[in-house]
Amino acid sequence: MIAIRPATPEDAASIAAIYAPHVLTGTASFEIEPPDARAMRTRMAANDGLYPWMVATTGDPDGGVIGYAYAGKFRDRPAYRYVCETSIYLTDASSGSGVGRLLYEALIDTLRAQGFVHAIGAITLPNDRSIRLHEATGFRRAGVYREVGFKHGQWIDVGFWQCELNAPAVPPVEPKKFSDIGVVRA
């Protein structure tokens, strides 16, 4: 049984281990050097309790982390604060097993409960599996930036998918902190 819970600083080493292969051999991340556990703890803490970081575990007493998802700022300027950008990474063994969908649905439900208006997913192309996951969880294609990243000897396109979480209100409502909401599962 898969369990979804908020990520803790103790999960940082597992999160870094899941992310490292995507950095070293894949194109899903444009980082070149994989961050270590300390760097991941710093990234998790930098959200000031606003943006969710969550993990999927095997649900066993050992609770091995098999995937993680998180949200962060879409852009730095204040007018963007009602929108967030989402990411998800899984172990190779859990990819294609449905874990990603459970985890991403929990992230989207949580962001919706927090009051964010839109979520943006950036996907390096081609990546049919990620596109299917995003579209299955309510995202729609919003556009493509052509040849904006160079990694592993190739130029890479980045597609953007957008999910309306809540109807835009005027005036907008400030999103609630993840630390006040916790993981929401609709």
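Preceding this paragraph is the structure being described.
Quick look at the structure, then. This structure is a prediction, so every number in the text was calculated from the model and none was measured.

Sheet architecture is open: seven strands sit in the order S1-S2-S3-S4-S5-S7-S6, paired in mixed fashion. Of all strands in the sheet, those with a lone pairing partner are strand S1 (3–6) and strand S6 (140–151), marking the two edges. Within the sheet, the average angular offset between the axes of one strand and its neighbour, ignoring direction, is 25°. Where strand S3 (residues 65–73) and strand S4 (residues 83–90) come together, seven bridges link them in antiparallel fashion. Paired with Ala69 across the strands is Ile88, a residue of S4. Taken strand by strand, helix H1 (residues 12–24) contacts strand S2 (53–57), S3, S4 and S6, and its axis lies near 80° from that of S3. Across the sheet, helix H4 (residues 128–136) lies against S4, strand S5 (118–125), S6 and strand S7 (154–164), angled at about 165° from S5, the strand it touches most.

Attention now goes to the packing of aromatic side chains. Counted under the stated rule, the structure contains ten aromatic pairs. A ring pair is formed by Tyr19 and Tyr89, whose centres lie 4.9 Å apart and whose planes are at 70°; its orientation type is edge-to-face. Here Tyr19 is found in helix H1, whereas its partner Tyr89 is found in strand S4, with 70 residues between them in sequence. Look at Tyr51 and Phe116: their rings are 5.6 Å apart centre to centre, the planes differ by 25°, and that puts the pair in the stacked class. Note that Tyr51 is positioned in the loop between helix H2 (37–45) and S2 and Phe116 in the loop between helix H3 (99–114) and S5, a separation of 65 residues in sequence. Both residues of the pair, Tyr51 and Phe116, count as buried. By way of ring pairs, the aromatic residues Tyr19, Trp53, Tyr68, Tyr70 and Tyr89 are connected into one cluster.

Procedures and definitions
Residues numbered from 1 in each chain as written. Predicted model: local features only at pLDDT ≥ 70, side-chain atom pairs only at ≥ 80, totals over all residues. Heavy atoms only, no water. Pairing = 2+ DSSP bridges. Helix = DSSP H or I, 4+ residues; strand = E, 2+ residues; numbered from the N terminus. Axes fitted to C-alpha atoms, helices over the stretch in contact; angles between N-to-C directions. Contact = heavy atoms within 4.5 Å. Phe/Tyr/Trp six-rings, centres within 6.5 Å; stacked < 30°, edge-to-face > 60°. Buried < 20%, exposed > 50% of the residue type's maximum accessible area, 1.4 Å probe, protein only.

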